[in-house]
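Spelled out from the first residue to the last, the chains are:
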Amino acid sequence: MTLRQIDTIEELRAILDRERRREATIGFVPTMGFLHDGHASLMRAANAANDLVVASIFVNPLQFGANEDLASYPRDLERDTEIAADAGVDLLFVPSVDEMYPHGAVSTSVRVDELARRWEGATRPTHFAGMATVVTKLFWIVGACRAYFGEKDFQQLAIIRRFVADLSIPVEVIGCPIARAEDGLALSSRNTYLEPAERQAATVLSRTLEAAATAIEKGERDPIVVAELMAAMVATEPLARLDYAACVDPATLDVPERIDAPCRLLIAAQVGRPRLIDNLGVSCE
Ligand code: PAF
């Protein structure tokens with residue numbers, strides 16, 4: 001099947017209902033567009049495991065705060081369509097804001113409590129409810145067997161797993177490894193905002209994660225000491241301003257008393273205009 005762009009929920013549902021009747025498995029990759037190799041790797045994973053791949057491109061206003069970059073969020077549908085087609089997407093769902101939110105403001109939303117309040121949620125208090133609401137809507141629209149998300153947005157992935165379980169949504173959520181540039185920077189659509197010197201400075205995030213992982217591998221077991229080490233390393237980069245650095249339990253995102261099980265290192269920092277996030281899993285054996 002060559003890639004087909006679909007703009008309405010009705011048309012997408014009609015096609016997918018037909019596919020389900022012939023027992024096709026459907027893999028789904030939701031995105032906000034401006035695709036990079038990280039998105040393409042999710043699409044390739046979906047293509048390898050399913051009969052049909054649906055990807056969506058929707059810059060979801062609900063998940064942007066008042067002072068965030070909704071109006072200037074990078075968009076390039078022509079390029080995205082080529083990337084999606086090359087990565088094996090069959091149906092590219094590109095709804096308008098009116099199609100997704102025909103009544104304007106939504107009066108029903110999906111809110112995940114504890115998990116959504118900390119880390120990203122501390123500075124972006126409405127972000128995760130906006131994300132969870134649109135992902136739930138997309139799950140209902142697509143009815144996929146499997147949905148693919150990058151581990152780069154590690155808290156987002158934990159929240160999606162939680163509301164899928166809480167609401168018994170019949171989809172298997174699959175987390176895929178972070179795609180990185182050669183110098184370690186995690187790929188992100190927002191990297192496009194970085195000026196050349198900031199692009200260089202931004203590698204401090206992945207370098208800091210690696211240094212903290214090495215400290216744990218060498219025996220450091222205090223998560224506070226690890227977080228301090230990370231903060232000190234980010235402070236050496238004048239173009240970066242740390243938001244948070246933490247060593248957390250990968251499921252609850254709580255800081256453990258002691259690192260005696262696999263953990264996740266989380267980091268967020270402002271580097272020039274964009275606020276960048278990254279993370280790394282560490283097994284402490
Ligand atoms: O990760 C993203 O690009 C978005 O948060 C998502 C999951 C597509 C929901 O808008």
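Right above here is the structure, for reference.
About the cut-offs
Residues numbered from 1 in each chain as written. Predicted model: local features only at pLDDT ≥ 70, side-chain atom pairs only at ≥ 80, totals over all residues. Heavy atoms only, no water. Buried < 20%, exposed > 50% of the residue type's maximum accessible area, 1.4 Å probe, protein only. Helix = DSSP H or I, 4+ residues; strand = E, 2+ residues; numbered from the N terminus. Arc of directions from axis to C-beta. Contact = heavy atoms within 4.5 Å. Core = buried A, V, L, I, M, F, W, Y, C linked by side-chain atoms within 4.5 Å. Near = heavy atom within 4 Å. Polar contact = N/O pair within 3.5 Å; in protein donor to acceptor, adjacent residues only side chain to side chain. Areas by Shrake-Rupley, 256 points an atom, 1.4 Å probe, with all protein chains shown as cover. Nonpolar A, V, L, I, M, F, W, Y, C, P; charged D, E, K, R; others polar. Pairing = 2+ DSSP bridges. Axes fitted to C-alpha atoms, helices over the stretch in contact; angles between N-to-C directions. Parallel < 35°, antiparallel > 145°, perpendicular 65-115°, else oblique. Expected span 1.5 Å × (residues − 1). Phe/Tyr/Trp six-rings, centres within 6.5 Å; stacked < 30°, edge-to-face > 60°. Lys NZ or Arg CZ within 6 Å of the ring centre and 35° of its normal.

### Describing helix α3 (residues 77-86)
Phase 1 of the analysis: When α3 is considered as a whole, its buried residues turn out to be Asp80, Ile83 and Ala84. Taken end-on, α3 shows its buried residues confined to a sector of 95 degrees, consistent with a single buried face. Those residues of α3 that are exposed and angled more than 90 degrees off the buried face are Glu78, Glu82 and Asp86.
Phase 2 of the analysis: On its buried face, α3 sits against α2 (37-49), β3 (52-57) and β4 (91-93).
Phase 3 of the analysis: The positive-phi residue at the C-terminal boundary of α3 is Gly88, with phi of around 95 degrees.

### Some words on the nonpolar core
A general tendency of soluble globular proteins is for nonpolar side chains to be buried together.
Phase 1 of the analysis: Counting 48 residues, the largest nonpolar core has Leu12, Val54, Phe139, Val142, Ile160 and Phe163 as its most contacted members.
Phase 2 of the analysis: Of all the elements, helix α7 (residues 127-142) adds the most residues to this core, at nine residues.
Phase 3 of the analysis: In this view, Leu12 contacts Ile6, Val54, Leu91, Phe93, Ile141 and Val142; residues no more than four positions away in its chain are not counted.
Phase 4 of the analysis: Grouped together as the second largest cluster of nonpolar side chains are 26 residues, Ala202, Ile216, Ala240 and Leu265 included.

### What about the site of the ligand?
Phase 1 of the analysis: Around the ligand sit Pro30, Thr31, Met32, Gln63, Met131, Val134, Val135, Phe149, Asp153 and Gln156, and those are all the residues in its vicinity.
Phase 2 of the analysis: In the environment of the ligand, an oxygen atom lies 2.7 Å from a nitrogen or oxygen atom belonging to the side chain of Gln63.
Phase 3 of the analysis: Gln156 places a polar side-chain atom, nitrogen or oxygen, 2.7 Å from an oxygen atom of the ligand.
Phase 4 of the analysis: Notes on the ligand: free accessible area 290 Å², of which the protein chains cover 87%.
Phase 5 of the analysis: Contributions of two or more residues to the shell around the ligand are made by β2 (26-31) and α7.
Phase 6 of the analysis: It is α7 that provides the largest number of residues to the shell around the ligand, a total of three residues.
Phase 7 of the analysis: Split into classes, the residues belonging to the shell around the ligand amount to six nonpolar, three polar and one charged.

### Overview of the pairing of strand β8 (residues 263-271)
Phase 1 of the analysis: The buried fraction of β8 amounts to eight of the nine residues, a majority that puts the element mostly inside the structure.
Phase 2 of the analysis: Strand direction decides the pairing type here: strand β7 (residues 240-248) and β8, joined by eight bridges, are antiparallel. Bridge assignment links Ala246 to a residue of β8, and that residue is Leu266.
Phase 3 of the analysis: Bridging between β8 and strand β9 (residues 275-282) involves eight bridges; their strand directions are antiparallel. Among the inter-strand pairings, Leu266 is bridged to a residue of β9, identified as Asn279.
Phase 4 of the analysis: In textbook terms, the turn of a hairpin is the stretch between consecutive antiparallel strands, and for β8 and β9 this stretch comprises three residues, one of which, Gly272, has a positive phi near 65 degrees.

### Things to note about the packing of helix α1 (residues 9-21) against α7
Phase 1 of the analysis: At their nearest, the axes of α1 and α7 sit 9 Å apart, and the two run at 50 degrees to each other. In terms of axis orientation, α1 runs oblique to α7. Each of Ile9, Leu12, Arg13, Leu16 and Arg20 in α1 lies in contact with α7, whose residues at this interface are Trp140, Ile141 and Val142.

### Let's talk about α1
Phase 1 of the analysis: Spanning 13 residues, α1 covers 18 Å between terminal C-alpha atoms, matching the ideal 18 Å at 1.5 Å per step.
Phase 2 of the analysis: Within α1, burial applies to Ile9, Leu12, Ile15, Leu16 and Glu19. Mapping the buried residues of α1 onto a view down its axis gives an arc of 135 degrees, with all of them on the same face. For α1, exposure combined with an orientation more than 90 degrees from the buried face picks out Glu10 and Arg21.
Phase 3 of the analysis: Against the buried residues of α1 lie β1 (4-6), β2, β3, β4, α4 (97-100) and α7.
Phase 4 of the analysis: Just downstream of α1, Glu23 is the residue with a positive phi angle, here 65 degrees.

### A look at the packing of aromatic side chains
Phase 1 of the analysis: One pass over the full model with this rule turns up five aromatic pairs.
Phase 2 of the analysis: Pairing Phe58 with Tyr101 gives two aromatic rings, centres 6.0 Å apart and planes at 55 degrees, and the pair type is tilted. With Phe58 in the loop between β3 and α3 and Tyr101 in the loop between α4 and α5 (113-117), this residue pair connects regions lying 43 residues apart in the sequence.
Phase 3 of the analysis: Phe58 sits in the buried class, given a relative accessible area of 5%.
Phase 4 of the analysis: Judged by its relative accessible area of 6%, Tyr101 falls in the buried class.
Phase 5 of the analysis: A centroid spacing of 6.3 Å and a plane angle of 80 degrees characterise the contact between Phe139 and Phe149, whose relative ring orientation is edge-to-face. Here Phe149 lies in strand β5 (residues 146-150) and Phe139 lies in helix α7, a separation of ten residues in the sequence. Residues Phe139 and Phe149 agree in their burial class; the two are buried.
Phase 6 of the analysis: One aromatic cluster in this structure is built from Phe28, Phe139 and Phe149.
Phase 7 of the analysis: Positioned above the aromatic ring of Phe34, the side-chain terminus of Arg79 is 5.5 Å from the ring centre.
Phase 8 of the analysis: When the ring centre of Tyr193 is taken as reference, the NZ or CZ atom of Arg273 above it lies at 3.9 Å.

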